[in-house]
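Residue-level structural notes
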Amino acid sequence: MPVLIEVCCGSVEDALEAEAGGADRMELNSSLFFGGLTPSIGAVIEAKRRLRIPVMVMIRPRGGGFCYTETELAVMERDIEAALERGADGVVFGALTAEGGLDSRANARLLARAGRFPVVFHRAFDVMADPEPGLERLIDLGFRRILTTGRRAQIEDGADYVKGLIERARGRIEILPGGMTPRNAPRLIAQIGCAQIHVASFARRVDPSSRGNPEVYFGSALYPPEDSYELTDRSFVSGVRNAVRGA
């Protein structure tokens, strides 16, 4: 069976490029600079209207960790309901305690809102303080998949851990390795023994509309360029697809 390719997208335009490049499934986010936050409901509606592939929606109200307040959890519940009501094929989230352990109560609360839809525990797994018992608890809670780079910044360094994770899971939960490229995907897929991968790559596009006054910045003190933005690199996605499917 061909390896399934999921692409991380920060907008509907990203998603269209990803699908054109051969993606089988997409994860819809906003604010990828922060690792991916909840997209707008407008983005969910348009993604489902324009795409043929399944759309998984990120549910993450802010960057900077995964320990959420009562207010943030209430917002996440509403976002889950809204996304699924508008056609999302599943949702992606993860909650930890302040100590880095799995917050079973918060995750169960959010899972209840998702109902019968598949739910992915995102890369909060990679910073979880107790991943071995955490894996078992995620299975017990009813998560469908775990997105991971093997608890390392790069999948190259975490491949052996992901392989062991798949072996420990024994088919009870799907493991979704992230971060591969056309160059390393065939080797890492063979090494890990996975049936699906999660990738992302972006090419810069120019929007010159703000050049009338280059003294003004709308971003933070990082001063990002105001005359360009990033869009999913279609050729990267097709390159991964060709690499893993022997085209």
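**Observations concerning unusual backbone geometry**
Despite not being glycine, S31 shows a phi value in the positive range, around 50 degrees. With respect to the helices and strands, the residue S31 is situated in the loop between β2 (25-28) and α2 (41-50). For R170, which is not a glycine, the phi torsion comes out positive at approximately 50 degrees. Judged by relative accessible area, which is 60%, R170 ranks as exposed.

**Quick word on the pattern of salt bridges**
Tallying each qualifying case throughout the model produces 20 salt bridges. In this structure, the salt-bridge partner of R123 is D126, at a minimum N-O distance of 2.7 Å. Residue classification places D126 among the buried positions, given a relative accessible area of 9%. In this structure, K163 engages E167 in a salt bridge whose closest nitrogen and oxygen atoms are separated by 3.7 Å. In this pair, K163 and E167 both sit in helix α6 (residues 155-169), four residues apart, roughly one turn of the helix.

**Observations concerning the environment of D227**
Relative to the elements of secondary structure, D227 occurs in the loop between β9 (202-206) and β10 (228-232). Put simply, D227 and V240 are 13 residues apart on the chain and 29 Å apart in space, counted from C-alpha to C-alpha. Ignoring sequence-local partners within four residues, the contact set of D227 consists of R205, V206, D207, P208, S210 and R211.

**Digging into the pairing of strand β4 (residues 90-93)**
Where burial is concerned, the two faces of β4 agree: the one with G90 and V92 and the one with V91 and F93 are both buried. Judged from the three bridges that link them, strand β3 (residues 55-58) and β4 form a sheet pairing that is parallel. In the strand pairing of β4, M58 is matched with V92. Between β3 and its parallel partner β4, the chain crosses via helix α3 (residues 70-85), and the hand of that crossover is right-handed. Note that β4 and strand β5 (residues 119-121) share three bridges and pair parallel. Looking at the pairing, V92 lines up with V120 of β5. Each parallel crossover has a hand, and the one from β4 via helix α4 (residues 104-114) to β5 is right-handed.

**Focus on empty space enclosed by the protein**
Counted by the stated rule, this structure contains one cavity of 30 Å³ or more. Of the voids in this model, the largest cavity is the one considered here, and its volume is about 30 Å³. Taken together, T38, P39, I41, V44, V57, I59, D79 and A83 make up the full set of residues lining the largest cavity. When residues of the lining of the largest cavity are traced back to their parent elements, those giving at least two are α2 and α3. Looking at side-chain class alone, the lining of the largest cavity contains six nonpolar, one polar and one charged residues.

The rules behind these values
Residues numbered from 1 in each chain as written. Predicted model: local features only at pLDDT ≥ 70, side-chain atom pairs only at ≥ 80, totals over all residues. Heavy atoms only, no water. Helix = DSSP H or I, 4+ residues; strand = E, 2+ residues; numbered from the N terminus. Buried < 20%, exposed > 50% of the residue type's maximum accessible area, 1.4 Å probe, protein only. Salt bridge = Lys/Arg side-chain N within 4 Å of Asp/Glu carboxyl O. Contact = heavy atoms within 4.5 Å. Pairing = 2+ DSSP bridges. Right-handed = clockwise from strand over helix to strand, strands pointing away. 1 Å grid on protein atoms, 1.4 Å probe; cavity = no way out; pocket = protein on both sides within 12 Å on 5 of 7 lines; lining within 4 Å. Points joined across faces, edges and corners; volume = space filled by probe spheres on them. Nonpolar A, V, L, I, M, F, W, Y, C, P; charged D, E, K, R; others polar.

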